[in-house]
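Structural overview
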Amino acid sequence: MKKISILFTMLAMVLGFSSCKQEDEPKYHPAEAASFTVNRSPFEDTEFRTNKEMTDKETINVYCSQPDYGYSAICNYSALVSLDPNAPEEEWIAVPNETPTSAQMAIKTYEIGVAVNLLLGVEDQEQFDASDLWDRQFKVYIKAVCEIPNVEGSRVVSQNAISFNRVYIQYAEKLPAWIFICGDIENIETGVANGFTAPSEGNYDAYKENWVLYEPEDLIGSKLYVGVFNLVPKESAVNGGTGPDDCAQFRFFTELLGWVPDASLGSNEADFYSLPITDKWEAGYTGDIVEKGLGNWGVLVTEKKPITIVVDQTNLKIYCKEGVHSVTFVGRDPEFGDPE
């Protein structure tokens, strides 16, 4: 009986420890603004002028803490810009973070310039040139924004704002961004085929004129890209080949840095891996994108055929459908119209 009593005592202790451990496990709760701060910059009095080109990579750094969600979460960070620190949130302009999952944010000076022009009500270059804005110095306030992807109610804005006190601006406006497509594709309008042209800076003009997917005008800043191209058949497919390597293949680049993974969006990590989607593209294909992936998607065709493509860079999703289609969006989900 004494042994049984000891065993029960030990069992109760184990259960007690287990219960305490479960109670101590971190649990999500909405963050309070008071738990989220943006750090004052040591360069707040450094003079700089914003850039007017959206392709320019010049950034300023903004550092913030992670809000208290009850545990260390993987979050997306961005910023808000204003000329008035006391303005209501709806009057601040949202700007993206070039390193969205990092609390050490990199904000393009181009984005700062776009925001300040909007806050000043500048509508075009002519209006800007007719003003004294080029010579004026602005104090620009920045707040941080954090949210956990796909967790409703997790968005929180920092309790404080920091400032950059000596900012000069150029005229800048928000235009649709783009990504590049590379592979066995052809621009429908120009008739220029890519044929896996090297994605290098030396080929920038050819890529920009022929092989790009753009953000829709009403979704600027969304990182949703749409394009329509012809798939160009491989000679091996015309001659009867049916394997993955016989497919017309393609993948995407956010920048033209060469055959390196840094700016590549592919179907697989492996270099020139071919993922066939022939059995799905007619009805509509949805798949995952591998960031820095060097693999291709492939469709077996024996003659040129059009394809409409949507790339969601934020959620790393690709949508394809045979034919030429208009595309609308419900949230971030594309809907393909009737073939044209």
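Residues numbered from 1 in each chain as written. Predicted model: local features only at pLDDT ≥ 70, side-chain atom pairs only at ≥ 80, totals over all residues. Heavy atoms only, no water.

Quick word on the layout of surface pockets
Each pocket or cavity is described by its volume, and for the second largest pocket that value is around 300 Å³. As for the second largest pocket, its lining consists of 15 residues, of which Asn-187, Glu-189, Val-212, Val-228 and Phe-229 are closest to the centre. Elements with a minimum of two residues in the lining of the second largest pocket: α4 (204-210), β11 (212-214) and β12 (224-231). At four residues, the largest contribution of residues to the lining of the second largest pocket is made by β12. When the residues that make up the lining of the second largest pocket are grouped by side-chain class, the tally is eight nonpolar, four polar and three charged. (1 Å grid on protein atoms, 1.4 Å probe; cavity = no way out; pocket = protein on both sides within 12 Å on 5 of 7 lines; lining within 4 Å. Points joined across faces, edges and corners; volume = space filled by probe spheres on them. Helix = DSSP H or I, 4+ residues; strand = E, 2+ residues; numbered from the N terminus. Nonpolar A, V, L, I, M, F, W, Y, C, P; charged D, E, K, R; others polar.)

What to know about unusual backbone geometry
In this model, Phe-196 sits at a positive phi of 60 degrees, which is unusual for a non-glycine residue. Along the chain, Phe-196 turns up in the loop between β10 (185-187) and α4. Within the chain, Phe-272 stands out as a residue other than glycine whose phi angle is a positive 60 degrees. Structurally, Phe-272 is set in the loop between β14 (264-266) and β15 (274-276). Phe-272 sits in the partly exposed class, given a relative accessible area of 35%. (Buried < 20%, exposed > 50% of the residue type's maximum accessible area, 1.4 Å probe, protein only.)

Things to note about the pattern of salt bridges
A full pass over the atoms with the stated rule returns ten salt bridges. When the shortest N-O distance is used, the salt bridge between Glu-89 and Arg-155 registers 2.8 Å. Of this pair, Glu-89 sits in the loop between β3 (76-82) and β4 (93-95) while Arg-155 sits in the loop between β6 (138-147) and β7 (156-157), and the two are 66 residues apart along the sequence. With a relative accessible area of 39%, Glu-89 lands in the partly exposed category. The exposure class assigned to Arg-155 is partly exposed, which follows from its relative accessible area of 41%. Linking Lys-305 and Glu-322 is a salt bridge whose minimum nitrogen-to-oxygen distance equals 3.9 Å. Of this pair, Lys-305 sits in strand β19 (residues 305-312) while Glu-322 sits in strand β20 (residues 317-322); the two residues are 17 residues apart in sequence, bridging distant segments of the chain. Residue classification places Lys-305 among the partly exposed positions, given a relative accessible area of 28%. (Salt bridge = Lys/Arg side-chain N within 4 Å of Asp/Glu carboxyl O.)

Side note on the nonpolar core
Phe-250, Phe-252 and Ile-309 are the most contacted members of the largest nonpolar core, which totals 37 residues. Mapped by element, the contributors of at least two residues to this core are α2 (109-120), β9 (178-183), β11, β12, β13 (248-253), β18 (296-299), β19 and β20. Look past the residues within four positions of Phe-250 in its chain and what remains in contact with it is Ile-181, Cys-182, Gly-183, Ile-185, Leu-231, Asn-296, Trp-297, Ile-307, Ile-309, Ile-318 and Cys-320. Ala-31, Val-95, Ile-148 and Tyr-171 belong to the second-largest nonpolar core, a separate cluster that totals 35 residues. (Core = buried A, V, L, I, M, F, W, Y, C linked by side-chain atoms within 4.5 Å. Contact = heavy atoms within 4.5 Å.)

Here we look at the state of the cysteines
Among covalent bonds in proteins, the disulfide is the one between the sulfur atoms of two cysteines. Tallied over the entire structure, the rule returns zero disulfides. Just so you know, Cys-75 is unpaired, no disulfide at all, and the nearest cysteine sulfur is the one on Cys-146, 3.7 Å from it. Look at Cys-75 and you get buried, because its relative accessible area is 2%. Here Cys-320 stays unpaired: no disulfide links it, and the sulfur of Cys-247, its closest cysteine neighbor, is 13 Å away. (Disulfide = S-S within 2.5 Å.)

What to know about the environment of Asp-129
Considering the arrangement of structural elements, one finds Asp-129 in helix α3 (residues 125-129). The class for Asp-129 is exposed, based on a relative accessible area of 53%.

Describing the side chain of Asn-210
Within the secondary structure layout, Asn-210 lies in helix α4. Among the polar contacts listed, one links the side chain of Asn-210 to the backbone oxygen of Ala-206, at a separation of 2.9 Å. Contact partners of Asn-210, with chain neighbours within four places excluded, come to Asn-187, Thr-190, Val-192 and Phe-229. (Polar contact = N/O pair within 3.5 Å; in protein donor to acceptor, adjacent residues only side chain to side chain.)

Overview of the environment of Leu-213
Relative to the assigned elements, Leu-213 resides in strand β11. Linking Leu-213 and Trp-178, residues 35 residues apart in sequence, is a C-alpha distance of 5.4 Å. Excluding residues within four positions of it along the chain, Leu-213 makes contact with Ala-177, Trp-178, Ile-179, Ile-181, Tyr-225, Val-226, Gly-227, Phe-229, Phe-252, Ile-309 and Val-311.

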